[in-house]
Amino acid sequence: MLSKVVRSLATMLIGVLLVFLPENAVELLIRVLGVAFLLPALISVVKLFTTRNDAKTFAKVAISVINIGCIAFGTWLLVSPKTFAELFILLLGVALLFFGLFQLFVVFSKRSVKPMHWGFLIVPLLTVVTSVVVLANPFETVSVVSVVIGVCAFVTGCSDLVISLVIGKSKSTDVEKTVNL
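All figures in this text were calculated on a predicted structure; none of them were measured in a lab.

### Observations regarding helix 1 (residues 2-20)
Thought 1: Compared with an ideal rise of 1.5 Å per residue, which puts 19 residues at 27 Å, helix 1 spans 27 Å between its outermost C-alpha atoms and is within 8% of the ideal.
Thought 2: For helix 1, the full list of buried residues reads Val5, Ser8, Thr11, Met12, Gly15 and Leu18. What you see down the axis of helix 1 is that its buried residues fit within an arc of 155 degrees, all on one side. Looking at helix 1, the residues exposed on the side facing more than 90 degrees away from the buried face are Leu2, Ser3, Leu13 and Phe20.

### Focus: the side chain of serine 131
Thought 1: Locating serine 131 in the fold gives a position in helix 5 (residues 122-136).
Thought 2: Setting aside its immediate chain neighbours within four residues, serine 131 contacts Gly93, Leu96 and Leu97.

### Regarding the packing of helix 4 (residues 85-111) against helix 5
Thought 1: Relative to each other, helix 4 and helix 5 sit at 155 degrees, their axes nearing to 8 Å. Relative to helix 5, the element helix 4 is oriented roughly antiparallel. Judged by the twist between their axes, the crossing of helix 4 over helix 5 is left-handed. Side by side, helix 4 and helix 5 meet where Ile89, Leu90, Gly93, Val94, Leu96, Leu97, Gly100, Leu101, Gln103 and Leu104 of the first sit next to Val123, Pro124, Leu125, Thr127, Val128, Ser131, Val132, Val134 and Leu135 of the second.
Thought 2: Here the residues of the contact of helix 4 with helix 5 are counted per class, giving 14 nonpolar, 5 polar and no charged.

### Section: the packing of aromatic side chains
Thought 1: Under the counting rule described, the total for this entry stands at 3 aromatic pairs.
Thought 2: Each ring, one from phenylalanine 37 and one from phenylalanine 73, has its centre 4.9 Å from the other, and the planes form 85 degrees; the classification is edge-to-face. One end of the pair, phenylalanine 37, is in helix 2 (residues 22-50); the other, phenylalanine 73, is in helix 3 (residues 57-79), with 36 residues separating them in the sequence.
Thought 3: Assessed through its relative accessible area of 29%, phenylalanine 73 is described here as partly exposed.
Thought 4: Ring centres of phenylalanine 73 and phenylalanine 84 lie 5.7 Å apart, and the angle between their planes is 85 degrees; this geometry places the pair in the edge-to-face category. With phenylalanine 73 in helix 3 and phenylalanine 84 in the loop between helix 3 and helix 4, this residue pair connects regions lying 11 residues apart in the sequence.
Thought 5: We classify phenylalanine 84 as buried; its relative accessible area is 11%.

### With respect to the side chain of asparagine 67
Thought 1: Positionally, asparagine 67 belongs in helix 3.
Thought 2: The class for asparagine 67 is buried, based on a relative accessible area of 9%.
Thought 3: In this view, asparagine 67 contacts Ala41, Ser44 and Val45; residues no more than four positions away in its chain are not counted.

### Some remarks on the packing of helix 1 against helix 2
Thought 1: Where helix 1 meets helix 2, the closest approach of the two axes is 5 Å, and the angle between their N-to-C directions is 135 degrees. By the angle between their directions, the pair helix 1 and helix 2 is classed as oblique. Every residue of helix 2 that contacts helix 1 at Ile14, Leu17, Leu18, Val19 and Phe20 is listed here: Pro22, Ala25, Val26, Leu28 and Leu29.
Thought 2: Across the contact of helix 1 with helix 2, the residue classes tally to 10 nonpolar, no polar and no charged.

### Remarks on the nonpolar core
Thought 1: Formed by 17 residues in total, the largest nonpolar core has its most connected members in Leu18, Val26, Ile30, Phe88, Ile89 and Ile149.
Thought 2: Breaking this core down by element, the ones donating at least two residues are helix 2, helix 4 and helix 6 (142-180).
Thought 3: At 5 residues, helix 4 tops the list of elements feeding residues into this core.
Thought 4: Sequence-distant contacts of isoleucine 149, defined by excluding residues within four places in its chain, comprise Leu18, Ile89, Leu92, Gly93, Leu96 and Val134.
Thought 5: Listed in part, the 10 residues of the second largest apolar core include Leu97, Met116, Leu121 and Ile167.

Thresholds, definitions, all that
Residues numbered from 1 in each chain as written. Predicted model: local features only at pLDDT ≥ 70, side-chain atom pairs only at ≥ 80, totals over all residues. Heavy atoms only, no water. Helix = DSSP H or I, 4+ residues; strand = E, 2+ residues; numbered from the N terminus. Expected span 1.5 Å × (residues − 1). Buried < 20%, exposed > 50% of the residue type's maximum accessible area, 1.4 Å probe, protein only. Arc of directions from axis to C-beta. Contact = heavy atoms within 4.5 Å. Axes fitted to C-alpha atoms, helices over the stretch in contact; angles between N-to-C directions. Parallel < 35°, antiparallel > 145°, perpendicular 65-115°, else oblique. Left-handed = near helix turned anticlockwise from the far one by under 90°. Nonpolar A, V, L, I, M, F, W, Y, C, P; charged D, E, K, R; others polar. Phe/Tyr/Trp six-rings, centres within 6.5 Å; stacked < 30°, edge-to-face > 60°. Core = buried A, V, L, I, M, F, W, Y, C linked by side-chain atoms within 4.5 Å.

In short, the description is geometric, and any link to function would need to be established separately.
Right, here's the structure in full:
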């Protein structure tokens with residue numbers, strides 16, 4: 001349950017960043033992604049060569065090559081985020097599509113356990129429609145697409161949080177009913 005709440009809050013934070021800082025948020029998110037590639041790879045390379053390891057030489061070389069690739073890619077994302085801005089918007093559109101479809105799946109699968117109001121379908125459907133529109137034309141003005149995706153991400157995060165809390169309550173009451181039988 002905690003991971004669902006954290007995921008929802010992270011989605012809402014990304015949405016707020018994209019809405020209020022549309023020009024800078026995409027670059028900031030790309031730089032954060034660059035750090036996410038760079039730091040673990042650097043730590044892994046340092047750890048690989050500083051600790052005594054019984055790993056075979058081929059495995060050490062393969063891990064080193066992968067880590068060097070991650071370091072190079074992370075550095076490239078940090079140095080030149082504008083190169084990836086349009087690609088990042090496209091990837092965010094794909095992520096929102098999958099997230100909206102996942103929410104629809106969760107709502108439909110939980111309707112058999114607990115009756116849910118049809119209002120729970122509105123946000124996932126809007127998320128899917130918005131992501132399809134973004135995917136149909138991702139290379140327009142990045143700031144406009146950022147705001148649209150940001151609003152959608154924030155609303156999706158709020159919806160996911162509410163759905164998680166409602167489903168979490170229904171699971172606990174179902175368990176209590178089973179225990180009391």
